[in-house]
Every structure is written in C-alpha cells, then in structure tokens.
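Listed below are the residues making up each chain.
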Amino acid sequence: SAVISQKPSRDICQRGTSLTIQCQVDSQVTMMFWYRQQPGQSLTLIATANQGSEATYESGFVIDKFPISRPNLTFSTLTVSNMSPEDSSIYLCSVAQGSSFSGANVLTFGAGSRLTVL
Amino acid sequence: QQQVKQSPQSLIVQKGGIPIINCAYENTAFDYFPWYQQFPGKGPALLIAIRPDVSEKKEGRFTISFNKSAKQFSLHIMDSQPGDSATYFCAARIEAGTYKYIFGTGTRLKVLA
C-alpha cells in the first residue's frame, strides 16, 4: 500500500493564524482526502482533493476555512485558516486504493498532523 | 441515517481474553465495512473488512461477525496480546463505487499483560 508522509507532525499555533499541512505520497494516486480527528472523537471527512480542479468539500466545511491544493498526483496541502481553539485536532491525509479485500477501495492514512491552537 | 454507532468506548481485558467491539448502522445502502486499528501517534491502519453478504471473516486472530438483518457487526480479537492495545474504529462505506466512509467513534482497548 502507499506510504504517506505528513508535515508537520505537530504544531502549536496562535489564535487567528493559519497553518498549512503537507501530504506526500510515494506513488501516484487519483483520490486523496483530508480528515479531521477531534480529541476522543471519530474521523470526519473534510474534503476530497481533486488533481487539476477544486476540492470537493463535505457539509460543514468551506474552502475559505480549509483551502486545499492538489498540484499533482502525489502531493496535496490543507491550510487551516484563521484558527481558533476549536480547530485543535489531528488532521489526517488519506488516499484510496484498491485492496486485496475483494477489490474494494479502502483508505490508507498518514500519521496525522496534531494541531493545538492557543 | 449517516452514522455508525460503536461500543464500548473503552475496554480492558487480560492477556489471552477475547475483546468484542460492536457497531450498528441504519442505512442499508452501506455496502462495505472495514475496521481500522490506530496506535498513538499513528494514522489508522486497515485491519480487516467484510461485505454484507458474508456473515463472518477471519484474518489471523481478528474476526468480523456480520448480522445483516440486525444491521450490526462486531470485531473479535482472539488470544489478545498487550501489543493489540490500540484504538479501533469501525467504518461503513456510504455508497458502492465511492470512497466515502462513515467512521464509528472508536474503542480504546487495553490488554493487560
């Protein structure tokens, strides 16, 4: 399966600032996703990062708050803009790949970027 | 409804025990059900998965039991080891042919030596 590298692994930021998280995959993938994992909670899909077009955002997430870039098939960035303490979460990059499980597409995740907003 | 309910929130077992984690869903359009294992500081990793036309799937010490009529599925870990201590998430694919999954809220498992 693909190997996903995320940077930074963690950061502490001040309220009102923005932070860009990078996701690098060791192989070309069509589908890349960004998830948020709030403390003690489930994983929530923020958006699908589409190569060559705008990202597709899920309900409750907007481009102004979470702008995403996808310049090629191995790289994407997620920016968390104008941060508040409520944005403190782990942000996970993910790719979809076919698997040995009956050919279904499953998700492979990076290690995540733990963001703390003061 | 677009949610998967997972229980328990946390679980402690002795080494060799068989922890069981349960998930339930409402939407019959969900068509694929993976389980993910997450260690501290790591991203979730696919553990095992099942389709709703199969009642049981085994991968080593990990078994999924699936009850389609009850819309429930569970993860059993046989002969659990301290190295199995992690957070486990069930998930459900929202629609066939998509990559969209709904995740449960996670179960923090601790296996005592």
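Residues numbered from 1 in each chain as written. Chains lettered and ligands numbered in written order. Predicted model: local features only at pLDDT ≥ 70, side-chain atom pairs only at ≥ 80, totals over all residues. Heavy atoms only, no water.

### What to know about the pairing of strand S2 (residues 10-14) of chain B
All names here are of chain B. Alternating positions in S2 separate cleanly, Leu11 and Val13 being buried on one face and Ser10, Ile12 and Gln14 remaining unburied on the opposite face. With 5 bridges joining them, S2 and strand S11 (residues 107-112) adopt parallel strand pairing. Across the sheet, Leu11 pairs through a bridge with Leu109, a residue of S11. (Buried < 20%, exposed > 50% of the residue type's maximum accessible area, 1.4 Å probe, protein only. Helix = DSSP H or I, 4+ residues; strand = E, 2+ residues; numbered from the N terminus. Pairing = 2+ DSSP bridges.)

### Considering the sheet that holds strand S3 (residues 19-25) of chain A
Each strand in a sheet pairs with its neighbour through backbone hydrogen bonds, running either in the same direction (parallel) or in the opposite one (antiparallel). All names here are of chain A. The sheet built from 4 strands is open, its strands ordered S1-S3-S8-S7 with antiparallel pairing. Strand pairing shows two members of the sheet lacking a second neighbour, strand S1 (4-7) and strand S7 (68-72), which therefore form its edges. Neighbouring strand axes in the sheet, compared pairwise and without regard to direction, differ in orientation by 15 degrees on average. When S7 meets strand S8 (residues 75-80), the two strands line up antiparallel, connected through 3 bridges. Along S8, the bridge assignment pairs Asn72 with Phe75. (Axes fitted to C-alpha atoms, helices over the stretch in contact; angles between N-to-C directions.)

### Some thoughts on the interface of chain B and chain A
Across the contact, 22 residues belong to chain B and 23 residues belong to chain A. Note on chain B versus chain A: buried area summed over both sides is about 1,800 Å², and carbon and sulfur give 60% of it. Counting the surface chain B buries against chain A, the share from its top three residues, Pro44, Tyr99 and Phe103 of chain B, is 32%. There are 1 salt bridge connecting chain B and chain A. With its nearest N and O atoms 3.1 Å apart, the salt bridge here joins Lys100 of chain B to Glu58 of chain A. One can count 5 residue pairs in polar contact (both at pLDDT 80 or more) joining chain B with chain A. Contributing elements (two or more residues each) for the side of chain B that touches chain A: strand S4 (33-38), strand S5 (45-50), strand S6 (56-59), strand S9 (86-93) and strand S10 (101-103) of chain B. Top contributing element to the side of chain B that touches chain A by residue count: S5 of chain B, with 4 residues. Residues belonging to the side of chain B that touches chain A are distributed by class as follows: 11 nonpolar, 5 polar and 6 charged. (Contact = heavy atoms within 4.5 Å. Buried area = accessible area lost by both parts, 1.4 Å probe. Salt bridge = Lys/Arg side-chain N within 4 Å of Asp/Glu carboxyl O. Polar contact = N/O pair within 3.5 Å; in protein donor to acceptor, adjacent residues only side chain to side chain. Nonpolar A, V, L, I, M, F, W, Y, C, P; charged D, E, K, R; others polar.)

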